[in-house]
Amino acid sequence: MSDMKLLFITRHYLNEKNGGSLCSRANAYAFASLFSDFSIIYPTKYGIKMEDFIPVTAKLFGCDDSRSKIRKGLDIYRGRLHRFVDYVKEHLATHQYDIIVLDHSLVGAGIVNYIHSKTNSKIITIHHNIEHKYNEDNKQKLLFRYPYNYFANKAERETLNLSNLNLTLTKLDADYFAEWNKNINKYPIECLGNFETSDAPVLFDKYQGTHGKGVRMVISGSMNFPQTVDAIVNFLTIYYPVAKKISPLISLVLTGRNPAKKIKDLCRNDSTIKIVESPDDIFEVIKDGNLYVSPIFGGSGVKLRVMDGLRLGLPVLCHENSANGYETIMKAGYMFTYHDVLSFESSYSKLIHTKFEKKNIYESYRQTFSFEAGVKRLRDILKKHNLIDL
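Each value, and the rule that gives it
- Residues numbered from 1 in each chain as written.
- Predicted model: local features only at pLDDT ≥ 70, side-chain atom pairs only at ≥ 80, totals over all residues.
- Heavy atoms only, no water.
- Axes fitted to C-alpha atoms, helices over the stretch in contact; angles between N-to-C directions.
- Helix = DSSP H or I, 4+ residues; strand = E, 2+ residues; numbered from the N terminus.
- Parallel < 35°, antiparallel > 145°, perpendicular 65-115°, else oblique.
- Left-handed = near helix turned anticlockwise from the far one by under 90°.
- Contact = heavy atoms within 4.5 Å.
- Nonpolar A, V, L, I, M, F, W, Y, C, P; charged D, E, K, R; others polar.
- Buried < 20%, exposed > 50% of the residue type's maximum accessible area, 1.4 Å probe, protein only.
- Salt bridge = Lys/Arg side-chain N within 4 Å of Asp/Glu carboxyl O.
- Expected span 1.5 Å × (residues − 1).
- Polar contact = N/O pair within 3.5 Å; in protein donor to acceptor, adjacent residues only side chain to side chain.
- Pairing = 2+ DSSP bridges.
- Phe/Tyr/Trp six-rings, centres within 6.5 Å; stacked < 30°, edge-to-face > 60°.
- Lys NZ or Arg CZ within 6 Å of the ring centre and 35° of its normal.

Peer 1: Any chance you could explain the packing of helix H9 (residues 226–246) against helix H14 (residues 341–352) here in plain terms?
Peer 2: Two quantities define a packed helix pair, namely the angle between the helix axes and the distance between the axes. In the contact formed by H9 and H14, the axes pass within 10 Å of each other and the chain directions differ by 45°. Classified by the angle between their axes, H9 and H14 sit oblique to one another. Of the two elements, H9 crosses H14, and the hand of that crossing is right-handed. The segment H9 lies against H14, with Phe235, Ile238, Tyr239, Val242, Ala243 and Ile246 engaging Val341, Phe344, Glu345, Tyr348, Ser349 and Ile352. Tallied by class, residues from the contact of H9 with H14 come to ten nonpolar, one polar and one charged.

Peer 1: Explanation requested: unusual backbone geometry in the structure shown.
Peer 2: Look at Asn258: it is not a glycine, yet its phi comes out positive at around 45°. Tracing the sequence through the fold places Asn258 in the loop between strand E9 (250–256) and helix H10 (261–267). The class for Asn258 is partly exposed, based on a relative accessible area of 39%. A positive phi is found at Asn386, a non-glycine position, where the angle reads about 55°. Overall, Asn386 belongs to the exposed group, its relative accessible area being 69%.

Peer 1: Hey, could you run me through the pattern of salt bridges in this one?
Peer 2: It is possible for side chains of opposite charge to pair when their charged atoms get near one another. Evaluation of the coordinates by the stated rule reveals 21 salt bridges. Between Glu190 and Lys384 there is a salt bridge; the shortest N-O distance is 2.8 Å. Here Glu190, found in strand E7 (residues 189–191), pairs with Lys384, found in helix H16 (residues 371–384); they are 194 residues apart in sequence, far enough to count as distant. Relative accessible area serves as the criterion here: at 56%, Lys384 is assigned to the exposed category. Residue Asp308 pairs with Arg305 through a salt bridge whose shortest N-O separation is 2.7 Å.

Peer 1: In this structure, what is going on with helix H1 (residues 19–34)? I would like to understand it.
Peer 2: One turn of an α-helix holds 3.6 residues; hence residues three or four places apart share an orientation. In this model, H1 (16 residues) spans 23 Å end to end at C-alpha, consistent with the 22 Å of a helix rising 1.5 Å per residue. For H1, the complete set of buried residues consists of Ser21, Cys23, Ser24, Arg25, Ala26, Asn27, Ala28, Tyr29, Ala30, Phe31, Ala32 and Leu34. Contacts from the buried residues of H1 go to strand E1 (2–10), strand E2 (35–43), strand E4 (99–103), strand E5 (122–127), strand E6 (165–168) and H16. For H1, the capping residue at the N-terminal end is Asn18, with a side-chain oxygen 3.3 Å from the backbone nitrogen of Gly20.

Peer 1: Looking at this structure, I do not really get the sheet that holds E6. What am I missing?
Peer 2: Backbone hydrogen bonds are what pair the strands of a sheet, in a parallel or an antiparallel way. Spatially, the seven strands line up as an open sheet ordered E3-E2-E1-E4-E5-E6-E7, and their pairing is parallel. Each edge of the open sheet carries a strand with a single partner, namely strand E3 (59–63) and E7. Ignoring which end each strand starts from, the neighbouring axes of this sheet average 20° apart. Pairing of E4 with E5 involves five bridges; the strand directions are parallel. When the bridges of E5 are listed, Val101 appears paired with Ile124. Of the strands in this sheet, E1, E2, E3 and E4 touch helix H3 (residues 85–92), which is tilted by about 145° from E3.

Peer 1: Please clarify how the packing of aromatic side chains should be interpreted in this entry.
Peer 2: In this description, a pair of aromatic rings is defined by centroid distance and the angle of the planes. Applying the stated criterion across every chain yields a total of 20 aromatic pairs. Ring centres of Tyr77 and Phe144 lie 6.3 Å apart, and the angle between their planes is 65°; on these two criteria the pair is classed as edge-to-face. With Tyr77 in helix H2 (residues 69–77) and Phe144 in helix H6 (residues 142–162), this residue pair connects regions lying 67 residues apart in the sequence. For Phe144, a relative accessible area of 22% puts it in the partly exposed group. When the ring of Phe336 is compared with that of Phe356, the centres are 6.2 Å apart and the planes differ by 85°; the resulting orientation is edge-to-face. Of this pair, Phe336 sits in strand E13 (residues 335–338) while Phe356 sits in the loop between H14 and helix H15 (358–369), and the two are 20 residues apart along the sequence. Directly above the ring of Tyr97 sits Lys5, whose terminal nitrogen or CZ lies 5.6 Å from the centroid. Here the guanidinium or amino end of Lys133 rests over the ring plane of Tyr176, the centre of that ring lying 4.6 Å away.

Written out as C-alpha cells, the structure is:
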C-alpha cells in the first residue's frame, strides 16, 4: 500500500443502493485498499450510521447540513451546489494531503479552484456522467434549473481543466470530454469503468432461480426516477408489444423503489406484467427471470442496474445507450442492443434463439466488474500517471 496521504470527498449517501451511491462506495473502498492513509469527507444523514458503509481504515469526517431550505435555494444561485464548500476549506486549512479525490464533478463546485490555488495536493476527479446530458433527462425544478445547470456545467469544466487526472465510467464519456474541451490535454482523462463494491456477495452461487416456460423479462431500478420512468414507459408502449407478438409465452417483472403512477397505470390491465414494489431483496425477484432488460436511453455514464442481471448470469437486452461501459459483455455475446423497432426485433429474435450458460455470463462479468478487477485498473492508471508510490 502507498504511504501517500489521500482525501476522498463524496456527495453521495454511501448507505443507499442507487447507482451513484454504489459507485461511490466502490471507488472509496478501491482507493482505501491502495492508500494506507485514507481520509474521507462524506454527507451525514440523521439516524444512519454512515461509518458502517465506509472502509474501517478510513479517517472519518462527516459533514452535517444545517442549512435551511431557503439557504439551500439561495446557495444554488451562488454556485454552492452542496454542503461542503465551507467545511472543506476549513478542513484543508488544518490538514494536508498528497492527493484529493473529488467523487463527482459537482463536488468541485466552489472548492476545486481553492484546492488548486491554496494547497499542494494533486487532484483526481471521478466524473460519474456528463452533466448537461444528465440534467437534460433529470431536470431540476424550474425555479433552480438555470442556475443549477450553469454552475454544474461550470464545475465540470473546472474539474476537467484543474485535475491532475480525470476518471470516467465509460470510454464514451472520456472521448466526449477529450473532444469537447480541447484544453484538457494538459491533464489526462482515463476510463476507470465501474465495478462492484468490496462487500458484494457472489450472487450467482446463491440464487439459482426457477425453471419456468417462455421468456421471463426483468427490469429493475428506482422507478420514480425521471430517467427510469421515461424509459420504462417508452419500453412498455413501443417495444414490449413487439416482444409479445414474437413470443406468445412471455412475462415481465418490474421491480424497484416507488414505481410512478404512469408506470402502474400502463401495467394495470396487462396480465403478463407484474410490479414488485420496493422488495427487501431485489435479487430474490430478479433470479426468476431468464432475460434482463435495460430500456434506459437517456443520460450518460454507466447504467449500473444492468449489473443486477449479469451478476445472476442473465443475458441482457438493452437500449444502445445502456450498453456504454459494457463493451466486454457485448464482445462476449451476452448483451444485445436496440435503438428502434427494427433493431429491437432483430436483437430480441437473436437473443431468444441463442443458448446461454449462466456460469459463462457470470464469469465474463466478473473478469471486468469484480472489485478486484476495478482495483487493478485503478492501480495501473495511478502508476501510469505517477500518482501512487507503489
